[in-house]
Amino acid sequence: MSGPPAQLRDAGATAGADILQSRLTGLSPQDFARDVWARTALLTRRASDFDDLFSAGAADELISRRGLRTPFLRLAKDGATLDEASFTAPGGVGATIADQIDDTAVWRAFADGATLVLQALHRTWEPVADFSTRLGTELGHPVQANAYITPPQNRGFDAHYDVHDVFVLQIHGSKRWVIHEPVHPDPLRNEPWTDHRAAVTSAARGTPRIDTVLEPGDVLYLPRGWLHAARAQGQVSIHLTLGIHTHTRYTLAEQLAQAALAVLREDPGMRQSLPPGTDGPADKDEIDTVREHLIAALGRADSTPLFNRARRSQARPAPLGPLAQHTALHTLAPETPLMLRPALAARLDGTRLSSRAGFLDCTSADLPALTRLLDGQTRTADDIGLNLAARLLRAGILVPAPP
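1. Here's the deal with the overall build of the protein chain
If you tally the helices and strands in the protein chain, you get 14 helices and 20 strands. Considered along the principal axes of its C-alpha atoms, the protein chain spans approximately 70 × 65 × 50 Å. Burial analysis of the protein chain (403 residues in total) assigns 42% to the buried set. If you take every contact in the protein chain between residues at least 6 apart in sequence, the share linking residues at least 24 apart comes to 79%. Total accessible area computed for the protein chain in this model is approximately 20500 Å², and 52% of it derives from carbon and sulfur atoms. Positive and negative side-chain charges in the protein chain, numbering 41 and 46 respectively, have mean positions lying 1 Å apart.

See below:
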């Protein structure tokens, strides 16, 4: 494979405002984007202490006390995923839910060598959720988070690749990682590794690009498509995988095609039926005509609103507490400090405020206040205007600023 070799860094205690540099890579965002992003694997030793994000105690609490249901937990052993029915059960008195996690069954499977995969921690565990939101904001791509808890000397999955970039954060114990270059570079989301199973299996027998043991605090970055397999060493291993669901040029092409089709819908000639009995050369003439109109529509299409809508829909805004929001709305006063809800991806399209919380139509008189809000600074309700502030609180766009 052409391109730079896999890299190794010892980050030490790098300070910095952004978590990409200060906690994951030791590289500035500019250096990471230029030298590493989507190009090569990067192993960073002693990047950070991640005990504030996740732990064995956090895993136990989620499994035994939070009433999780599938698919928030998967179990895997020796490359196969276990049947959900083998580790779920009814919730008991007052909880008529048939598929809650059965902690006894999970324990027995874990004792028998199964890896526990706590999925979507960006939705269920606050420290990971906050970290994922910040990283997604820095990168401009949605971030998901899973935890993998593997018994000693066991593995959950065979060599495979992911269709998203990943940061692997070793939390507890140690795990040996064997990394190979891609057999299908930059796979799209509908191109899983099973589509290239034979090539993946063959490549995994070759000389790896990286063969190393991750210790607590180490971070491994892998672009999508890079093959990997991991095995716990002498004690239980816990690591977080932060999956970066990257937007691609293909994403742009999809959005541009949708925008062009929207243009063609307004063309009466394109809505006409094909003549009956069309075949042979006539078919080709029709296809050529449609191709010409489609090319022209691509030139006229505005993809920006569609692409921004797609980006907003692939992630959620920061959590919002209905009761705290109710209190803020009903105690609103001129001096009340308010802020734009984090991770909202808000933008103004004329007088429409669009965001991950939906859209709100405003008036031209509201635009100066809305423009000020979009800079991310805390504002008082009086600065925004009490009526507009109340509307934005009710819409879930503004939230109380922390003291």
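Now that the structure has been shown, the text picks up again.
2. Here we look at the pairing of strand β3 (residues 73–77)
As paired elements, β3 and strand β7 (residues 115–118) share four bridges and run antiparallel to each other. Looking across to β7, one finds that Arg-74 is bridged to Val-117. As judged from the two bridges shared by β3 and strand β4 (residues 80–81), these two strands associate in the antiparallel manner. Each bridged residue has a counterpart across the sheet, and for Ala-76 the counterpart in β4 is Thr-81. Connecting the antiparallel pair β3 and β4 is a turn made up of two residues, with Asp-78 showing a positive phi of about 50 degrees.

3. Structural notes on the packing of aromatic side chains
Summed over the entire model, instances satisfying the criterion amount to seven aromatic pairs. With a centroid separation of 5.2 Å and an interplanar angle of 75 degrees, the aromatic rings of Phe-32 and Tyr-221 are classed as edge-to-face. With Phe-32 in helix α2 (residues 29–35) and Tyr-221 in strand β12 (residues 219–222), this pair connects stretches of sequence that are 189 residues apart. Across the pair, Tyr-221 and Phe-32 agree in class, each one buried.

4. Re the environment of Gln-144
Relative to the helices and strands, Gln-144 resides in strand β8 (residues 143–150). If we ignore the near neighbours within four places in the chain, the residues touching Gln-144 are His-122, Thr-241, Leu-242, Gly-243 and His-245.

5. Focus on the pattern of salt bridges
Tallied over the full model, the rule gives 17 salt bridges. Here Arg-34 makes a salt bridge to Asp-31, at a shortest N to O gap of 3.0 Å. Taken as a pair, Arg-34 and Asp-31 lie in helix α2 at a separation of three residues, close to a single helical turn. Exposure remark for Arg-34: the relative accessible area of 52% places this residue in the exposed category. Looking at Asp-31, the relative accessible area reads 27%, which means it is partly exposed. Across the salt bridge formed by Arg-372 and Asp-383, the nearest N and O atoms sit 3.7 Å from each other. With Arg-372 in helix α12 (residues 367–373) and Asp-383 in helix α13 (residues 381–384), this pair connects stretches of sequence that are 11 residues apart. Under the relative-accessibility criterion, Arg-372 is labelled partly exposed at 31%. What makes Asp-383 partly exposed here is its relative accessible area of 31%.

6. Focus on the sheet that holds strand β19 (residues 379–380)
Read from one edge of the open sheet, three strands run β19-β15-β20, paired in antiparallel fashion. The open sheet has two free edges, formed respectively by β19 and β20 (398–400), since each of these has just one partner strand. Two strands pair when backbone bridges link them, and strand β15 (residues 337–340) and β20 are joined in this way by three bridges, in the antiparallel orientation. Bridging across to β20, Leu-340 finds its partner in Leu-398. Those strands touched by helix α14 (residues 386–394) are β15 and β20, and its axis lies near 95 degrees from that of β20.

The rules behind these values
- Residues numbered from 1 in each chain as written.
- Predicted model: local features only at pLDDT ≥ 70, side-chain atom pairs only at ≥ 80, totals over all residues.
- Heavy atoms only, no water.
- Helix = DSSP H or I, 4+ residues; strand = E, 2+ residues; numbered from the N terminus.
- Buried < 20%, exposed > 50% of the residue type's maximum accessible area, 1.4 Å probe, protein only.
- Contact = heavy atoms within 4.5 Å.
- Areas by Shrake-Rupley, 256 points an atom, 1.4 Å probe, with all protein chains shown as cover.
- Lys, Arg positive; Asp, Glu negative; His and termini not counted.
- Charge placed at Lys NZ, Arg CZ, Asp CG, Glu CD.
- Pairing = 2+ DSSP bridges.
- Phe/Tyr/Trp six-rings, centres within 6.5 Å; stacked < 30°, edge-to-face > 60°.
- Salt bridge = Lys/Arg side-chain N within 4 Å of Asp/Glu carboxyl O.
- Axes fitted to C-alpha atoms, helices over the stretch in contact; angles between N-to-C directions.

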